[in-house]
Amino acid sequence: EVQFVESGGGLVQFGGSLRLSCAASGFTFNDYGMSWYRQAPGKEREWVAGISMSGGITNYADSVKGRFTISRDINGVYLAMNSLKPEDTAVYYCSAQVSGQRRWGQGTQVTVSS
């Protein structure tokens, strides 16, 4: 069973930092590129960042570029978030496309106060 478990979300003040973690199981995690998505209330889920299977290539949405850093190691995928803004408030999901299907975990809530 393909599973993703996100953690590390919480409440942070404007300008603060959080580091999200994602533990994946049920598939050969290290053979897949991984991504982070987020969904704010009333909005569509949006792609935030991606990382290649080797970790050598990373990409970011313009809205987070320069503030967020995606990384990975043998144990999981991570999203370091700095200079957080209220507009970053959302449920954050880690994701991979497995057997042709985009998969997400249950998400972790990030709330940035103004």
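Shown above is the structure to which this text applies.
The following refers to the structure shown. (Residues numbered from 1 in each chain as written. Predicted model: local features only at pLDDT ≥ 70, side-chain atom pairs only at ≥ 80, totals over all residues. Heavy atoms only, no water.)

**Considerations on the side chain of Thr108**
Moving on, step 1. For Thr108, the position within the fold is in strand E11 (residues 108–113).
Moving on, step 2. Accessibility expressed as a relative area gives 10% for Thr108, which makes it buried.
Moving on, step 3. Polar contacts involving the side chain of Thr108 include one to the main-chain amide nitrogen of Gly9, which spans 3.1 Å.
Moving on, step 4. Apart from the residues within four sequence positions on either side, Thr108 is in contact with Glu6, Ser7, Gly8, Gly9, Leu20, Ala90, Val91 and Tyr92. (Helix = DSSP H or I, 4+ residues; strand = E, 2+ residues; numbered from the N terminus. Buried < 20%, exposed > 50% of the residue type's maximum accessible area, 1.4 Å probe, protein only. Polar contact = N/O pair within 3.5 Å; in protein donor to acceptor, adjacent residues only side chain to side chain. Contact = heavy atoms within 4.5 Å.)

**Structural notes on the pairing of strand E10 (residues 101–104)**
Moving on, step 1. Inspection of the sheet shows strand E9 (residues 90–98) paired to E10 by four bridges, in the antiparallel sense. Bridge pairing in E10 places Ser95 opposite Trp104.
Moving on, step 2. Between E9 and E10, which pair antiparallel one after the other, the connecting turn spans two residues, and Ser99 there sits at a positive phi close to 50°. (Pairing = 2+ DSSP bridges.)

**Re the sheet that holds strand E3 (residues 18–25)**
Moving on, step 1. Ordered in space as E1-E3-E8-E7, the four strands form an open sheet in which the pairing is antiparallel. On the outer flanks of this sheet lie strand E1 (3–7) and strand E7 (68–73), each paired with one strand and no other. Strand-to-strand twist across the sheet, computed as the mean angle between neighbouring axes with direction ignored, equals 15°.
Moving on, step 2. Here five bridges tie E3 to strand E8 (residues 76–81), and the two strands are oriented antiparallel to one another. (Axes fitted to C-alpha atoms, helices over the stretch in contact; angles between N-to-C directions.)

Function cannot be read off these values alone, since they describe shape.
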